Structures are given as structure tokens and as C-alpha cells.
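As a plain string of letters, each chain reads:
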Amino acid sequence: MLSNNQLTEIVEYQNVYFLGKKIGLQREKLEEITLYESFVLLITGVRRAGKSTLLLQLLNDNKDQSLFLNFEDPRLAGFELPDFQKLDVIIREKNVKNLFFDEIQIVEGWELYVRQKLDEGFKVAVTGSNATLLSREMGTKLTGRNLPYELFPFSYREFLEFKNLENNSSSVEEYMTEGGFPEFLNLDNGLVLQRLLVDVLNRDIAVRYGIRDINSLQQLAIYLISNIGKLVSANKLKDLFGLKSVSAIADYFSHLENTYLVQFLPKFSYSLKTQVRNPKKVYVVDLGLFTHASIVFTDELGRRLENMVYLHLRRKFPEVYYFNEKKECDFIAIKQGKPAEIIQVCYDLNQDNLQREIAGLLDALNYFDEEKGKIITFNQKDRFEKDGKIIEVLPFHEFAG
């Protein structure tokens, strides 16, 4: 437990520092977000994606009515549920109405306090770097009282604005290498991303889940980051990493995905059992990590482009799948139960691969009885009809820019 004076000093220090930070590039996600008295705003995402900056932008016009507290501050290591009563005293003294809590899930029982503040008419926002730790608690005491949002590193459009670049293939090539972590783009030092990887593995996974074999966890994470766009399964990787059971690998998969470090793309099927049984494709949350934390020493431009298209779709659509019946199609994006985008990705369309790419796309279009599909390339553009279907070939900068 903390003394009243200790907690007051920590709150004062954090708010002077936090509220004094630069607003930075306004995030696209800001357009979707509104604070309400009756709902807690829940923002999750990978570490260093800019969640705290998004909060700062959200409260920019109401700083004098807001209080911020990051529970990962080492000085708050002894914070316990009764300490919320001391925090209440500070909140009353400051006469604020907006409460912003970062990584509050560290404190057991935090959801009871947040529910209390909502009932008292406060506007509350909570951020965290682990999706399930927050959603699990939201599903108990805060059922129906939370509005969830996910924040990823800079999108391609945000990258262009941040670096003041033109929307063209040259900028795509740069984004394909550097990715969108704001801190890395400021410093241009690969050690920033390598350190980020270590922090996620240690703080967000090993410590929280009591994992002792950190070496195997790290090897698995690097393997997955190095194999973006490829099919992976827990069963096939068990022996490779010397783990005792498939369930151990599956748990690691789950932890890595819940921290947003990697994402697993299931095969489309109307049967949930079929989705579960089939291998999933793996993608990294940001291509800067592929550049600086993988064990791949070739350009892998095709896989990089595919990962970028995935992230673009992941930001826009609640459900994304790969398709593989007779032929394979890279992405099916679902909105309100129907395909919103059917997409094939090919870095460079040529005589050797054109028929294969079209065949996969047509198979998916016929399966869903849809008329239009897209092939996303690095810098090619075209449009043609095949078997009564319209196929649009677009360069990535037109697709995402």
C-alpha cells in the first residue's frame, strides 16, 4: 500500500509530464472515439503504438478537467485495491471529470473501481497492451459498459503524413522497410524495436503468465516474425522448439497474439471446427520488427507487401480470413457477415504467375458469388474481366493511400 503523500506526488509528477508532452501526429483512430459518462473507453494495442499519445489528443481541449495515471510506474508497484480510496481524495481535490488509466489491469479488482467511477458520472478511458487481460475483466463487472478500440502503429497514410512524403511507390518501399512505430521513426535506431520485442516478451508475457522458459518463447517469437505470410501450426512447431506438448505451443501462440506482436489469420470456413483444425497464416504487427528482429536476410518484398495489405484490412474490418478451397486467395475481409473485400496480393504480376493469381481470386469470387475482386501489387495497375468477373489491379499506394 502507498501513503497519501506518496500517491499524491506520483500523480502530480505523472500529470505534469504527461500533459506537457507534444500532441504529435493526430491519429486516424481519433475520429472514431468519443468519451461517454456511461461507458468506459477501452484502447488496446501493442506497446509503443501510441496509446498514451492518443489519450493526450483525446483530452487536448479538456486538460484541466483530466487526470492521468500509468500503473506501470515502478513507484506504484505496491498499489492495492484500498489505495483507490486515496486516489478518490486526489480526484476530488483536483475536481476532474475525465480519468485516464494506463495498464490499470495490473491492479486486481480494478474493474470494480472503474464501474464505481462510471456510476458517479466520470468519463473513463483505459489503455492496455494485452487484449484478453482487459476483455476478461470487461466481461464480468463491466458487461455492456465498455467501448473497445484497437490501436496499431502508424498506418500507411499516417506514415506519409508523419514523414511528409508523397503518396507513391517510393514511399511504399520506405514504409515496407521502416514500418510505423512512432518512436522508431523518430530515432531511426533498430535497437528501439529489438528492445520493444524484449519488453513485450518479458513484461507482457513471461511475468504475467509465469513463464520460466523465456529462451523458447523468444525463439518462437522470432521464428514467427521471420515467417510472415506462411502457414504455421502448433503441432508442427512443438518438436522444433523442444516443448513438451502442443498445448504449450498453443498457449505461446495465444500470448503472442494477445499482446498484438503477431497476428494469426484463420482459413475461411462456415464451420468453426474447420477454422480451428487448419493451420493459420502468421503476420507481424509492424514491418519494422520484420526488418530489425527477424532472422531473414533477404528482401522478401512479396511477403512484406502481403503483410502490409493484411494490416490495412485488419484496421478496417472485424474479420479477415485466407481462402483455400480448390485454389488459394490471400484475403477475405468480412463485414456484417458478408465479404467486403476479396483480395489477392502479388508484388509483381508477370507471365509466370498471372494465371495462378487470377485462378485463386476467381475461385473465391465464385465461392461467395461476388462480382469484383482486387489484386494488390507494388506498382502495377490494370483492370480486366474474366469469366464474367471484374478484376482490378491496384498498386498499394492507391489501395491504402
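See the structure printed just above.
Residues numbered from 1 in each chain as written. Predicted model: local features only at pLDDT ≥ 70, side-chain atom pairs only at ≥ 80, totals over all residues. Heavy atoms only, no water.

Novice: Could you give me a rundown of the environment of I342, with the residues and numbers involved?
Specialist: Mapped onto the elements of the fold, I342 is located in strand β11 (residues 338–345). Counting along the chain gives 12 residues from I342 to D330, while the straight-line C-alpha distance between them is 8.2 Å. Leave out the neighbours within four places in its chain, and I342 touches C329, F331, I332, L361, A364, L365, F368, E370, G373 and K374. (Helix = DSSP H or I, 4+ residues; strand = E, 2+ residues; numbered from the N terminus. Contact = heavy atoms within 4.5 Å.)

Novice: An account of the sheet that holds strand β8 (residues 280–284) is needed here, citing residue identities and associated values.
Specialist: Read across the sheet, 3 strands follow the order β6-β8-β7 without closing on themselves; strand pairing throughout is antiparallel. Each edge of the sheet is formed by a strand with only one pairing partner; in this case those strands are β6 (231–232) and β7 (262–265). Looking at chain direction, β7 and β8 are connected through 4 bridges and run antiparallel. The residue bridging F264 from the neighbouring strand is V282, located in β8. Together, β6, β7 and β8 form the strand contacts of helix α10 (residues 214–226), whose direction differs from that of β7 by roughly 60°. Its contacts with the sheet place helix α15 (residues 301–316) against β7 and β8, and it is angled at close to 90° to β8. (Pairing = 2+ DSSP bridges. Axes fitted to C-alpha atoms, helices over the stretch in contact; angles between N-to-C directions.)

Novice: So what's going on with the packing of aromatic side chains? Which residues, and what values?
Specialist: For the structure shown, the criterion picks out 27 aromatic pairs. For the pair F71 and F101, a centre-to-centre distance of 5.8 Å together with 70° between the ring planes defines the contact as edge-to-face. Highlighted residues: F71 in the loop between β2 (66–70) and α3 (83–94) and F101 in strand β3 (residues 98–102), separated in sequence by 30 residues. When sorted by exposure, F71 lands in the same class as F101, which is buried. Seen in terms of ring centroids, F154 and F162 are 5.1 Å apart; in terms of plane orientation they differ by 45°. Their pairing is tilted. Residue classification places F162 among the partly exposed positions, given a relative accessible area of 28%. The rings of F268, Y270, Y321, F323, Y367 and F368 are connected pair by pair, giving a single aromatic cluster. Its guanidinium or amino end placed over the ring of F122, K97 lies 4.7 Å from that ring's centre, counting from NZ or CZ. (Phe/Tyr/Trp six-rings, centres within 6.5 Å; stacked < 30°, edge-to-face > 60°. Buried < 20%, exposed > 50% of the residue type's maximum accessible area, 1.4 Å probe, protein only. Lys NZ or Arg CZ within 6 Å of the ring centre and 35° of its normal.)

Novice: Tell me about the environment of G388, and name the residues and values.
Specialist: If you trace the backbone, G388 turns up in the loop between β13 (382–386) and β14 (389–395). For the pair G388 and Q194, spaced 194 residues apart in sequence, the C-alpha separation works out to 49 Å.

Novice: An account of unusual backbone geometry is requested, with residue identities and associated values reported.
Specialist: Despite not being glycine, E103 shows a phi value in the positive range, around 55°. The residue E103 is located in the loop between β3 and α4 (110–119) in this model. Although it is not a glycine, Q336 adopts a positive phi angle of roughly 50°. Since its relative accessible area comes to 77%, Q336 is described here as exposed.

Novice: Pulling in residues and values, what's your account of the side chain of K267?
Specialist: Within the secondary structure layout, K267 lies in the loop between β7 and α13 (272–277). The buried charged residue K267 lacks any salt bridge, with E325 as its nearest oppositely charged partner at 4.2 Å. A polar side-chain atom of K267 sits 3.1 Å from the main-chain carbonyl oxygen of N324. Setting aside chain neighbours within four positions, we find K267 in contact with Q275, N278, Y321, Y322, N324 and E325. (Lys, Arg positive; Asp, Glu negative; His and termini not counted. Salt bridge = Lys/Arg side-chain N within 4 Å of Asp/Glu carboxyl O. Polar contact = N/O pair within 3.5 Å; in protein donor to acceptor, adjacent residues only side chain to side chain.)

Novice: Let's hear about the sheet that holds strand β9 (residues 319–324): which residues, and what values?
Specialist: With mixed pairing, 6 strands are arranged side by side in an open sheet as β9-β10-β11-β12-β14-β13. Of all the strands in the sheet, the pair left with one neighbour each is β9 and β13. Across the sheet, the axes of successive neighbouring strands diverge by a mean angle of 30°, strand direction being ignored. Both β11 and strand β12 (residues 372–377) contribute to a ladder of 3 bridges, which runs parallel. Bridge pairing links I343 to K374 in β12.

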